[in-house]
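The residues making up each chain are set out below.
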Amino acid sequence: MLLEQAKEILMLAKQELHSAQYATYKSTQIKSTAVSVKYQQLETVHLSKGQKLNRLKELSKMYALFAPIQATYKESQSLKGLAKMKYDKEHKDSLSKYPE
């Protein structure tokens, strides 16, 4: 009888050990999943920031091309009368590119 009780205690101990190991495994798996999700979120943010940076670079290039046309338009707007007509005629190509 003592031997049977010892076997039961040993079996219960093994079950508790397996339960503890399984709980540790599940906990590790959940943490791993959480880290994976966090990494994916950071990767998405990084990509979106990269896309925004590329967009800003494109806009900067476009503005660099547009700046001389804008300067010509502003100069045209500051002139009056015959000076404006003469300036507009000389810069007809640039002024035609400026959206009104």
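Before any of the text, the structure's been laid out above.
Residues numbered from 1 in each chain as written. Predicted model: local features only at pLDDT ≥ 70, side-chain atom pairs only at ≥ 80, totals over all residues. Heavy atoms only, no water.

Enquirer: Looking at this structure, I do not really get the overall build of the protein. What am I missing?
Expert: Each helix and strand in the protein was counted, giving three helices and zero strands. Along its sequence from the N terminus, the protein presents helices and strands in the succession α-α-α. In terms of overall dimensions, the protein has a C-alpha envelope of 120 × 15 × 15 Å along the principal axes. Entry remark: accessible area of the protein is about 9,200 Å², with carbon and sulfur atoms responsible for 63%. For the protein, the centre of its 17 positive side-chain charges and the centre of its 10 negative side-chain charges are spaced 6 Å apart. (Helix = DSSP H or I, 4+ residues; strand = E, 2+ residues; numbered from the N terminus. Areas by Shrake-Rupley, 256 points an atom, 1.4 Å probe, with all protein chains shown as cover. Lys, Arg positive; Asp, Glu negative; His and termini not counted. Charge placed at Lys NZ, Arg CZ, Asp CG, Glu CD.)

Enquirer: Any chance you could explain the environment of Glu 16 here in plain terms?
Expert: Relative to the elements of secondary structure, Glu 16 occurs in helix H1 (residues 2–78). Given the relative accessible area of 58%, Glu 16 is considered exposed. C-alpha separation for the pair Glu 16 and Lys 84, spaced 68 residues apart in sequence, amounts to 93 Å. (Buried < 20%, exposed > 50% of the residue type's maximum accessible area, 1.4 Å probe, protein only.)

Enquirer: What am I meant to see in the pattern of salt bridges here?
Expert: Pairing between side chains becomes possible if they bear opposite charge and their charged atoms approach one another. As enumerated under the stated definition, the model contains one salt bridge in all. One salt bridge connects Asp 88 with Lys 84, and the closest N-O pair in it is separated by 3.3 Å. With Asp 88 and Lys 84 both in helix H2 (residues 81–90) and four residues apart, this pair spans about one turn of that helix. You can call Asp 88 partly exposed: its relative accessible area is 23%. (Salt bridge = Lys/Arg side-chain N within 4 Å of Asp/Glu carboxyl O.)

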